[in-house]
Amino acid sequence: IVEEGPVAAVLDDPCHPYTQALVSAVPTLDRERGREIIRLKGDLPSPVSPPSGCHFHPRCPQAMDVCRSGYPGRTELGGGRWVKCHLYPRDDQQP
């Protein structure tokens, strides 16, 4: 689980790149709300031997060096939401 919160909040404004890709793939009948589909590249990582760091980094369009070396901690976003992503550093990790 990389993101959690009230359903409407997560679906309307997904924060984690994986959640963004999932939500972008949901079909919609509302043409005015047309959104760009995020197509993930690469192969799924092995569940037996996952990559180091964030397990999503090999397919993440926003991956940084830190994503390859360490798994992100849980960051509270407020309103009952949290995310595990280096794009949202925890308060105890900021300078």
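What you are looking at is a predicted structure, and each value in this text was computed from that prediction instead of being measured.

Draft legend 1. Quick peek at the overall build of the chain. Tallying secondary structure elements over the chain gives three helices and three strands in all. Listing each helix as α and each strand as β along the chain from the N terminus yields β-α-α-α-β-β. Overall size of the chain, expressed as C-alpha extent along the three principal axes, is 40 × 35 × 25 Å. Pairs at least 24 residues apart make up 31% of the contacts formed inside the chain by residues separated by at least 6 positions. Carbon together with sulfur atoms contributes 54% to the accessible area of the chain, which is approximately 6,800 Å² in total.

Draft legend 2. Main features of the side chain of Arg59. With respect to the helices and strands, the residue Arg59 is situated in the loop between helix H2 (17–24) and helix H3 (65–69). Asp43 provides the closest opposite charge to the buried, salt-bridge-free Arg59, at an N-O distance of 7.0 Å. Among the polar contacts listed, one links the side chain of Arg59 to the backbone oxygen of Gly42, at a separation of 3.5 Å. Residues within four places of Arg59 in sequence aside, it is in contact with Leu40, Lys41, Gly42, Asp43, Leu44 and Pro45.

Criteria and thresholds
- Residues numbered from 1 in each chain as written.
- Predicted model: local features only at pLDDT ≥ 70, side-chain atom pairs only at ≥ 80, totals over all residues.
- Heavy atoms only, no water.
- Helix = DSSP H or I, 4+ residues; strand = E, 2+ residues; numbered from the N terminus.
- Contact = heavy atoms within 4.5 Å.
- Areas by Shrake-Rupley, 256 points an atom, 1.4 Å probe, with all protein chains shown as cover.
- Buried < 20%, exposed > 50% of the residue type's maximum accessible area, 1.4 Å probe, protein only.
- Lys, Arg positive; Asp, Glu negative; His and termini not counted.
- Salt bridge = Lys/Arg side-chain N within 4 Å of Asp/Glu carboxyl O.
- Polar contact = N/O pair within 3.5 Å; in protein donor to acceptor, adjacent residues only side chain to side chain.

Shape is all these values report; function is a separate question.
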